[in-house]
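Fold and geometry: a report
Below are the chains, spelled out letter by letter.
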Amino acid sequence: ADEPRPGTRDALNQLRTSGIRRIMMLTGDNRATAQRIADELGVDELEADLLPEDKLTTVRRLQAEGYKVAMVGDGVNDAPALAAADVGIAKGAAGTHAALEAADVALMTDDMSRIAEARLISALAYRTIKENLIVGVGVVHVLGIAASLMGLIGPIEAAIIHLGPDTLVFLNSMKLLRMRV
């Protein structure tokens with residue numbers, strides 16, 4: 001009998017805590033086996049006895065309903081859905097070549113908690129990028145160009161204004177190196 005991987009229930013709870021609203025299990029396994037595992041993991045919805053094209057159809061339906069879909073899989077049967085999902089995540093340790101090629105993210109382990117970690121890292125990186133754009137574009141382009149056009153600063157001052165935000169962007173980005181998940 002199939003058994004869920006250790007730590008999967010905790011990993012799904014971490015994803016819920018991080019803001020994931022809906023967790024579905026899409027599987028080619030028979031419904032009885034799949035239902036037992038889904039119940040054990042606390043999955044919100046289950047679709048079983050699926051062919052690869054059924055998984056793909058489900059991903060596209062969810063996207064049409066307005067959901068951003070992250071698909072996790074490791075097999076050839078998952079590859080079409082991984083490619084169509086907004087974010088395809090292949091579990092690398094057991095993943096087939098087709099799944100790894102189709103996915104946007106390849107985990108080098110089967111530890112599902114890495115998905116929540118990757119989500120946290122990407123959120124922090126995205127926030128840092130937005131901060132850097134505000135500082136870089138806001139200070140250099142808006143203030144610097146405006147001051148230059150109004151004759152308030154010359155070339156030396158403009159170079160200093162340009163260097164300042166570059167330094168701030170660099171220092172702000174370095175905080176990602178100190179991040180511990």
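Residues numbered from 1 in each chain as written. Predicted model: local features only at pLDDT ≥ 70, side-chain atom pairs only at ≥ 80, totals over all residues. Heavy atoms only, no water.

With that settled, consider the overall build of the protein. Within the protein, the regular secondary structure consists of seven helices and five strands. Beginning at the N terminus, the succession of helices and strands in the protein can be written as α-β-α-β-α-β-α-β-α-β-α-α. The globule rule puts the C-alpha radius of gyration for 181 residues at 16 Å, and the 23 Å found for the protein is more than 25% above it. Looking at the 181 residues of the protein, the share that counts as buried comes to 31%. Expressed as a percentage of contacts within the protein between residues at least 6 apart in sequence, the contacts between residues at least 24 apart total 40%. Summed over its atoms, the accessible surface of the protein is roughly 11,100 Å², and 60% of this surface lies on carbon and sulfur atoms. Of the side chains in the protein, 19 bear a positive and 24 a negative charge, and the two mean positions are spaced by 6 Å. (Helix = DSSP H or I, 4+ residues; strand = E, 2+ residues; numbered from the N terminus. Rg over C-alpha atoms; globule rule 2.2 N^0.38 Å. Buried < 20%, exposed > 50% of the residue type's maximum accessible area, 1.4 Å probe, protein only. Contact = heavy atoms within 4.5 Å. Areas by Shrake-Rupley, 256 points an atom, 1.4 Å probe, with all protein chains shown as cover. Lys, Arg positive; Asp, Glu negative; His and termini not counted. Charge placed at Lys NZ, Arg CZ, Asp CG, Glu CD.)

Considering all chains together, one arrives at 14 salt bridges under this definition. Put simply, K55 and D78 hold a salt bridge, and the shortest N to O gap is 2.7 Å. Linking K55 in helix 3 (residues 52-64) with D78 in the loop between strand 3 (70-73) and helix 4 (79-84), this pair joins segments that are 23 residues apart in sequence. For D78, a relative accessible area of 8% puts it in the buried group. Among the salt bridges present, the one from R127 reaches E131, with a minimum N-O distance of 3.6 Å. Note that R127 and E131 are positioned in helix 6 (residues 113-149) at a spacing of four residues, about one turn of the helix. On the accessibility criterion, E131 (28% relative accessible area) is partly exposed. When salt bridges that share partners are traced, they join R22, E45, E47, R61 and E65 into one network. (Salt bridge = Lys/Arg side-chain N within 4 Å of Asp/Glu carboxyl O.)

What follows concerns the packing of helix 1 (residues 8-17) against helix 6. Taken N-terminus to C-terminus, the directions of helix 1 and helix 6 make an angle of 25 degrees; their axes are 7 Å apart at the nearest point. Taken as axis vectors, helix 1 and helix 6 run roughly parallel relative to one another. Here A11, Q14 and L15 of helix 1 lie close against helix 6, whose contacting residues are S113, I115, A116 and R119. Partitioning the contact of helix 1 with helix 6 into residue classes produces four nonpolar, two polar and one charged. (Axes fitted to C-alpha atoms, helices over the stretch in contact; angles between N-to-C directions. Parallel < 35°, antiparallel > 145°, perpendicular 65-115°, else oblique. Nonpolar A, V, L, I, M, F, W, Y, C, P; charged D, E, K, R; others polar.)

Next up on the list: the pairing of strand 3. Residues M71 and G73 line the buried face of strand 3, whereas the alternating positions A70 and V72 sit on a face that is not buried. Bridging between strand 3 and strand 4 (residues 87-91) involves four bridges; their strand directions are parallel. Residue pairing across strands places A70 opposite V87, the latter belonging to strand 4. Regarding the hand of the β-α-β motif, the stretch spanning strand 3, helix 4 and strand 4 is right-handed. (Pairing = 2+ DSSP bridges. Right-handed = clockwise from strand over helix to strand, strands pointing away.)

Spatially, 3-4-5 is the arrangement adopted by the three strands of the open sheet, whose pairing is parallel. Edge positions in the open sheet fall to strand 3 and strand 5 (105-107), since each of these has one partner strand only. Strand-to-strand twist across the sheet, computed as the mean angle between neighbouring axes with direction ignored, equals 20 degrees. Bridge count for strand 4 against strand 5 is three bridges, and the pairing is parallel. The residue of strand 5 that forms the bridge with K91 is L107.

Before going further, it helps to examine the confidence of the model for the protein. Summarising the model, the protein shows a mean pLDDT of 88, and 97% of its residues fall at 70 or more. Mean pLDDT across the elements of the protein ranges from a minimum in helix 5 (residues 97-102), with 83, to a maximum in helix 3, with 97. (pLDDT = per-residue confidence, 0-100.)

At a closest axis distance of 9 Å, the pairing of helix 1 and helix 2 (residues 31-41) adopts a crossing angle of 60 degrees. The orientation of helix 1 relative to helix 2 falls into the category oblique. Facing helix 1, whose interface residues are T8, R9 and L12, helix 2 presents D39, E40 and L41. Classifying every residue of the contact of helix 1 with helix 2 by side-chain character gives two nonpolar, one polar and three charged.

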